[in-house]
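Commentary on secondary and tertiary structure
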Amino acid sequence: MNKCICFLTGCNGFLGSKLAEVLFNKKWDVVGIGRSSKPRSSISKYLIKYINKDYGEIREIDFNKIIKKTSKYNRIALIHLAWSGINGLSDLSIKHQFNNVNKTISLFNTAKKSEFNIFIFAGSMEEQFAKEYLKTNLKKGLFNRHVIHATAKKMARDALKLQAKSKMKIIITTNSHLMGDGDYRDSFLQVTLSKMLNGGLLEFTSGKQLFDVISVYDAVNIYEIIAKNFDKNKENWIGTGKP
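Residues numbered from 1 in each chain as written. Predicted model: local features only at pLDDT ≥ 70, side-chain atom pairs only at ≥ 80, totals over all residues. Heavy atoms only, no water.

Overview of the overall build of the chain
Helix and strand content of the chain: 7 helices and 9 strands. Counting every position in the chain, which comprises 243 residues, the buried fraction comes to 48%. In the chain, 72% of the contacts between residues at least 6 apart in sequence involve partners at least 24 apart. Summing over all exposed atoms, the chain offers an accessible surface of approximately 13,200 Å²; the carbon and sulfur share of this is 54%. (Helix = DSSP H or I, 4+ residues; strand = E, 2+ residues; numbered from the N terminus. Buried < 20%, exposed > 50% of the residue type's maximum accessible area, 1.4 Å probe, protein only. Contact = heavy atoms within 4.5 Å. Areas by Shrake-Rupley, 256 points an atom, 1.4 Å probe, with all protein chains shown as cover.)

Written out as structure tokens, the structure reads:
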């Protein structure tokens with residue numbers, strides 16, 4: 001029987017914790033990677049091992065001492081969901097946001113030296129919004145934390161695309177807006193729904209931005225399909241495609 005193993009950064013997060021469960025249920029061996037001293041109690045049962053390290057500090061030995069214990073794996077994937085800031089995933093710290101770019105490339109280069117078949121990097125829908133802000137005159141100072149976050153994400157995306165000749169295949173996803181239980185992010189939709197439920201004042205802009213929304217449970221199943229079946233470098237939109 002074909003056996004698959006996935007190393008998963010960001011396994012303790014909103015998306016990662018649900019992906020760990022799906023991978024486990026689809027008979028993958030799952031190795032979680034995270035900065036917390038131990039995995040969330042809700043996902044520990046899905047992991048064969050947990051590596052307590054920042055993803056930028058992962059070294060080849062961390063992978064190989066798990067992979068090389070057995071030759072049973074015909075599919076070895078790394079799904080990179082982790083992204084860090086001083087205050088949540090996105091913040092106004094240019095230094096910390098762009099440090100994620102260096103760490104992502106370091107992680108990629110480490111995986112390339114091991115036996116991985118596929119490296120999956122999770123991009124963001126906010127990258128689409130950032131393109132317009134980057135045309136703004138510097139004097140206007142309209143950049144916010146979402147734009148800084150998205151610009152760093154786009155830089156990591158472009159840096160990975162420069163590695164397209166790597167033997168290890170590169171899949172770059174773009175997550176649309178994911179919705180589901182356990183989501184405590186201060187996103188537009190989450191804040192709006194919370195205000196509606198609690199009788200808060202609803203305030204909107206001109207509403208020119210288009211949003212694509214998908215259930216996080218649909219999204220994690222898509223990630224599993226990509227990890228198991230894709231063998232070509234590709235960019236994928238994780239969403240309905242109809243914002």
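Describing the pattern of salt bridges
If you walk through the whole model with that rule in mind, you get 11 salt bridges. A salt bridge links aspartate 29 to lysine 72, with the shortest nitrogen-to-oxygen separation between them at 3.8 Å. Remark: lysine 72 occurs in the loop between α2 (60-67) and β4 (73-80) and aspartate 29 occurs in strand β2 (residues 28-34); sequence separation between them is 43 residues. Ionic pairing is found between aspartate 158 and lysine 154, a salt bridge with its closest N-O pair at 3.0 Å. Of this pair, aspartate 158 and lysine 154 both sit in helix α5 (residues 145-161), 4 residues apart, which is roughly one turn of the helix. A relative accessible area of 30% means that aspartate 158 is categorised as partly exposed. Since its relative accessible area comes to 26%, lysine 154 is described here as partly exposed. Residues joined by salt bridges that share partners form a network here, namely Glu127, Arg157, Lys161 and Glu235. (Salt bridge = Lys/Arg side-chain N within 4 Å of Asp/Glu carboxyl O.)

Things to note about a nonpolar patch on the surface
Together, Phe188, Leu193, Met196, Leu202 and Phe204 make up a nonpolar patch on the protein surface, roughly 500 Å² of accessible area in all. Relative to the helices and strands, phenylalanine 188 is located in helix α6 (residues 188-198). By relative accessible area, which is 41% here, phenylalanine 188 ends up partly exposed. (Patch = residues over 30% accessible without salt bridge, like charges linked within 9 Å, V, L, I, M, F, W, Y side chains within 5 Å.)

Notes on the sheet that holds strand β9 (residues 234-238)
The 7 strands lie next to each other as β3-β2-β1-β4-β5-β6-β9, forming an open sheet whose pairing is parallel. Only two strands of the sheet have a single neighbouring strand rather than two, namely β3 (49-52) and β9. Taking the axes of each pair of neighbouring strands and ignoring which way they run, one obtains an average angle of 20° across the sheet. Bridge analysis of β4 against strand β5 (residues 118-124) gives 4 bridges, and the strand direction is parallel. Bridging across to β5, leucine 78 finds its partner in phenylalanine 119. Packed on one face of the sheet, helix α1 (residues 14-25) meets β1 (3-9), β2, β4 and β6 (169-175) and runs near 160° to β2. Sitting on the sheet, α2 touches β1, β2, β3 and β4, and the angle it makes with β1 is about 155°. (Pairing = 2+ DSSP bridges. Axes fitted to C-alpha atoms, helices over the stretch in contact; angles between N-to-C directions.)

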